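Structural description and commentary
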Amino acid sequence: MLKPKVITQVLQQANTAGVHAALLLNPDGSLVSFAGGTEKDAKVLAAVASNVWFGYERYGKPPAANSVEGGEGKEGLRNLILDCEQGKLSITRTSRMLLCLVADERVEWGLLKAKTRTLKEYLEGPLNLVASY
Amino acid sequence: MEIYRYSMYPLGLKKLIVPCRQLQAFLQDLLESTDHLKAVLVTDKDGVILAKATGPDLPDHVLEPAFSATFSVASDQSGKLGFGRNKMIMSTFDEDQVVQFNYSPLILTLLASSKANSGVLIAAGKDLEEPIKIVGESVSKAIQHEHKAKEYV
């Protein structure tokens, strides 16, 4: 079973040094859990993050240079970082869900990427047990 | 109608060719001076290529996917998050990374191997902001000229 309270506590640990929200969402954009910010904001963020992620996954992949023209050989999307005027968003896949971190514009890329990767690796094992459908 | 009869290009488009060639030289310099960089593209929001520089071992069909069109949609959507206008999107894949900058009305795309230093790519993209904005202004003027010309047809 997923314990929502524990997931929120894990996500909350990322909310330091300029990172003000962490979200876990289903591939369809529905929110599983979040820490930081209001629920209304989290729902909007989840919907947009999911849409952008799947847009890039379907149409934003560069085909491998040695692939045949029109053939397969596309790569998997690992991480997506969006830089806006007043904030930054980092999105990655963990198990079958998406993990999204929201930070203000002063947060460094490397820190945001490292936090996202660490949280992804921590959540991947437990989520694989419950989200194997 | 008169404009199209006597000139190969519409009025504004002729003025666009020179800055585009200069930009092409900038892109080529960047490609040669940055490690693991595979291609640099300047496109409009629909993905039409204005200038590009590609490495020798990169087949043309690699640039076919609608990179810029995908970015354009994603950039518009992220503008609705309440964090202001979207400036850049960096996507990392198994073997490649793509850094795209929103220099409206143009888009700069840097395609590099995942070994490339992301910070260097971001800095390189920011350095190209001024030259791309100059070309962007020419593009806007060319579009305005075209619209005016069409009014007289």
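Presented here is an overview of the structure given in this document. (Residues numbered from 1 in each chain as written. Chains lettered and ligands numbered in written order. Predicted model: local features only at pLDDT ≥ 70, side-chain atom pairs only at ≥ 80, totals over all residues. Heavy atoms only, no water.)

1. Digging into the overall build of chain B
Of the regular secondary structure elements, chain B holds five helices and five strands. Evaluated residue by residue, chain B yields a buried proportion of 47% over its 153 residues. For chain B, the accessible surface area stands at approximately 8,100 Å², while carbon and sulfur atoms represent 54% of it. (Helix = DSSP H or I, 4+ residues; strand = E, 2+ residues; numbered from the N terminus. Buried < 20%, exposed > 50% of the residue type's maximum accessible area, 1.4 Å probe, protein only. Areas by Shrake-Rupley, 256 points an atom, 1.4 Å probe, with all protein chains shown as cover.)

2. Describing the overall build of chain A
The number of helices and strands found in chain A is three helices and five strands. Ordering the α and β elements of chain A from the N terminus gives α-β-β-α-β-β-β-α. Across the 133 residues in chain A, those meeting the buried criterion constitute 48%. If you take every contact in chain A between residues at least 6 apart in sequence, the share linking residues at least 24 apart comes to 51%. (Contact = heavy atoms within 4.5 Å.)

3. Some thoughts on the sheet that holds strand S5 (residues 97-103) of chain A
Neighbouring strands of a sheet are bound in pairs by backbone hydrogen bonds; such pairs are parallel or else antiparallel. Pairing in this open sheet of 10 strands is antiparallel, and the strands run S2(A)-S1(A)-S5(A)-S4(A)-S3(A)-S3(B)-S4(B)-S5(B)-S1(B)-S2(B) from one edge to the other. Single-partner strands in this sheet number two, and they are strand S2 (31-35) of chain A together with strand S2 (49-54) of chain B. Put simply, the sheet's adjacent strands are angled 15° from each other on average, direction ignored. Relative to strand S5 (residues 106-113) of chain B, strand S4 (residues 96-103) of chain B is paired through eight bridges, and the arrangement is antiparallel. (Pairing = 2+ DSSP bridges. Axes fitted to C-alpha atoms, helices over the stretch in contact; angles between N-to-C directions.)

4. Topic: helix H3 (residues 109-130) of chain A
All names here are of chain A. For H3, spanning 22 residues, the distance from its first C-alpha to its last is 31 Å, which sits close to the expected 32 Å at 1.5 Å a residue. At glutamate 124, H3 is deflected by roughly 40°, the largest bend along its length, and proline proline 126 occurs up to four residues later in sequence. Within the span of H3, buried status applies to Trp109, Leu112, Lys115, Thr116, Leu119, Leu123 and Leu127. (Expected span 1.5 Å × (residues − 1). Bend = angle between axes of the 7 residues up to and from the residue.)

5. What to know about the pattern of salt bridges
All names here are of chain A. Counted by the stated rule, this structure contains eight salt bridges over all chains. Arginine 93 is the partner of glutamate 57 in a salt bridge, and the nearest nitrogen-oxygen pair spans 3.2 Å. Placement of glutamate 57 in helix H2 (residues 39-59) and of arginine 93 in strand S4 (residues 87-94) is noted, with a sequence separation of 36 residues between them. A relative accessible area of 18% places glutamate 57 in the buried class. A residue is classified by how much of its surface remains accessible, and arginine 93, at 25% relative accessible area, is partly exposed. (Salt bridge = Lys/Arg side-chain N within 4 Å of Asp/Glu carboxyl O.)

6. A short note on the environment of serine 68 of chain B
Residue and element names in this part refer to chain B. Here serine 68 lies in helix H3 (residues 67-78). Put simply, serine 68 and aspartate 44 are 24 residues apart on the chain and 7.6 Å apart in space, counted from C-alpha to C-alpha. The contact partners of serine 68, leaving out residues within four places of it in the chain, are Thr43, Asp44, Lys45, Gly47, Gln100, Ile107 and Thr109.

7. Some thoughts on the nonpolar core
Within the largest apolar cluster, 33 residues are counted, with the highest numbers of intra-cluster contacts made by Leu23, Tyr56, Leu80, Leu89, Ile91, Cys100 and Val102 of chain A. Elements with a minimum of two residues in this core: strand S1 (19-25), H2, strand S3 (77-84), S4 and S5 of chain A together with H3, strand S3 (86-93) and S5 of chain B. Tyrosine 56 of chain A has contacts with Lys61, Leu77 and Leu80 of chain A together with Thr70, Phe71, Ala74, Ile89, Ser91 and Gln100 of chain B, leaving out every residue within four places of it along the chain. (Core = buried A, V, L, I, M, F, W, Y, C linked by side-chain atoms within 4.5 Å.)

8. Side note on H3 of chain B
End to end, H3 of chain B covers 16 Å across 12 residues, agreeing with the expected 16 Å (1.5 Å per residue, within 8%). For H3 of chain B, the secondary structure elements touched by its buried residues are H2 and S3 of chain A together with strand S1 (37-44), S3, S4 and S5 of chain B.

9. Focus: the side chain of asparagine 86 of chain B
As for its position among the elements, asparagine 86 of chain B is in strand S3. Taking the relative accessible area as the measure of exposure, asparagine 86 of chain B reaches 1% and is therefore buried. Here the side chain of asparagine 86 of chain B touches serine 75 of chain B through a polar contact of 3.0 Å, side chain to side chain. Each residue touching asparagine 86 of chain B, except ones within four places of it in the same chain, is listed here: Leu82, Asp83 and Cys84 of chain A together with Phe71, Ser75, Ser78 and Asn102 of chain B. (Polar contact = N/O pair within 3.5 Å; in protein donor to acceptor, adjacent residues only side chain to side chain.)

10. Digging into the packing of aromatic side chains
Per the counting criterion, the structure on display carries one aromatic pair over all chains. For the pair phenylalanine 101 of chain B and tyrosine 103 of chain B, a centre-to-centre distance of 5.6 Å together with 15° between the ring planes defines the contact as stacked. Judged on exposure class, the residue phenylalanine 101 of chain B and its partner tyrosine 103 of chain B are both buried. Directly above the aromatic system of tryptophan 109 of chain A lies the positively charged group of lysine 88 of chain A, at a separation of 4.3 Å from the ring centroid. (Phe/Tyr/Trp six-rings, centres within 6.5 Å; stacked < 30°, edge-to-face > 60°. Lys NZ or Arg CZ within 6 Å of the ring centre and 35° of its normal.)

11. Details of the interface of chain A and chain B
Chain A puts 35 residues into the contact, and the matching count from chain B is 34 residues. Counting the surface lost from both chain A and chain B, the interface buries some 3,100 Å², and carbon and sulfur atoms represent 60% of this. Where chain A touches chain B, the interface holds two salt bridges. Taking the shortest distance from any N to any O, the salt bridge between arginine 78 of chain A and aspartate 94 of chain B comes out at 3.3 Å. Scanning the region where chain A abuts chain B turns up 12 residue pairs in polar contact (both at pLDDT 80 or more). Residues belonging to the side of chain A that touches chain B are distributed by class as follows: 19 nonpolar, nine polar and seven charged. (Buried area = accessible area lost by both parts, 1.4 Å probe. Nonpolar A, V, L, I, M, F, W, Y, C, P; charged D, E, K, R; others polar.)

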